[in-house]
Amino acid sequence: MMDLFKVPFSAGGNRPKLRVPEGACDTHLHIYHPDRFPYVTGDSSSQPSATAEDYRLLQKRLGLTRNVIVTPSIYGTDNRCTLDALREFGDSARGVVVIEETIPDEELEQLHRAGVRGVRINMECGGMDDPEKISLLASKIAPFGWHMCFWMNADRILEWKDVFDRLPCQLVFDHRGHLPAKKGTGHGAFSVITHLMEKGKAWVKLSALYHDSCVEGYRDTMEVGRAYVRAVPERVLWGTDWPHPSELHAPTGMPNDADMLDGLLFQAETEENVKRILVDNPQKLYGF
């Protein structure tokens, strides 16, 4: 077995030092193609194009072969860009879309055939936050085996504890559940998420290390990721959050995806867990 701790987590380099297993999956990325699919009216983010062709270059660099495309908030409930990218990638990709609870079953069937396997609830950017609507949507997607992917802050996760218990589908928490850096696993949301993971109802993404980090090198958010892996390794996923829309105007510039993939070494601790997180777990959740 390789010695994971002899592989440094560095600030530079173009390729990951981690030995990437065959079938490795990036479970969180976005595709932007404003020339073909305009952003929602009134958007002022100036998000540049980031196409499927662009992402293939990153895939090759990182040694990944599978991916999950998540509809970004900039498109609202317009999933055409995501669906177009799913057609380009074929069976090596799955999708997570943004839809309303009023969606007809026939449209859900079409989305499933296109490779969609989940719905995103993006409360951080003004998405659906009505428990009744979310419960109705969960009941609609459950027969398809889809999951519900939450992007919400840790305090809201605590408030929604009882709601999560009632939802009839699998749950996924983006970006480690947004545990605040100064509290980390001491925040009550960590216990809520790990309890759901232990029950076999939830998963957590070790994506976007820069979210909620307060130190250079993301050591604080990596410590949180390591804690999730130690708690329930068979319920942990990994993703890039490419092309890092939240960091578009960050003073430190864009993060290095290879460095963040290397950061999985610290969080996973063993080669077995690396394979679980990059291959086995996403294969089970997304049906590759």
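None of these values were measured; they are calculated from a predicted model. (Residues numbered from 1 in each chain as written. Predicted model: local features only at pLDDT ≥ 70, side-chain atom pairs only at ≥ 80, totals over all residues. Heavy atoms only, no water.)

1. Some thoughts on helix α8 (residues 219–231)
Next up, step 1: With 13 residues, α8 extends 18 Å from end C-alpha to end C-alpha; this agrees with the ideal 18 Å at 1.5 Å per step.
Next up, step 2: Every buried residue belonging to α8 is among D220, T221, M222, V224, G225, R226, Y228 and V229, and all of these are buried.
Next up, step 3: Buried residues in α8 make contact with α7 (188–198), β7 (202–207), β8 (236–239), α9 (257–268) and α10 (271–286). (Helix = DSSP H or I, 4+ residues; strand = E, 2+ residues; numbered from the N terminus. Expected span 1.5 Å × (residues − 1). Buried < 20%, exposed > 50% of the residue type's maximum accessible area, 1.4 Å probe, protein only. Contact = heavy atoms within 4.5 Å.)

2. Focus on the packing of aromatic side chains
Next up, step 1: Across all of its chains, the model carries 11 aromatic pairs by this definition.
Next up, step 2: Ring centres of Y39 and Y75 lie 5.3 Å apart, and the angle between their planes is 70°; this geometry places the pair in the edge-to-face category. Taken together, the residues span a long stretch of sequence, with Y39 in the loop between β1 (25–29) and α1 (52–62) and Y75 in the loop between β2 (66–70) and α2 (80–89) at a distance of 36 residues.
Next up, step 3: Overall, Y75 belongs to the buried group, its relative accessible area being 2%.
Next up, step 4: Between Y286 and F288, the ring centres sit 6.3 Å apart and the planes meet at 55°, which makes this aromatic pair tilted.
Next up, step 5: Its relative accessible area of 0% is what places Y286 among the buried residues.
Next up, step 6: Every member of this aromatic cluster is reached through a ring pair, and the members are F150, W160, F164 and F173.
Next up, step 7: Above the ring of F266, the side-chain terminus of R226 is found at 3.7 Å from the ring centroid.
Next up, step 8: Above the plane of the ring of W203 lies R235, whose end atom (NZ or CZ) is 4.1 Å from the centre. (Phe/Tyr/Trp six-rings, centres within 6.5 Å; stacked < 30°, edge-to-face > 60°. Lys NZ or Arg CZ within 6 Å of the ring centre and 35° of its normal.)

In short, geometric facts, not functional conclusions.
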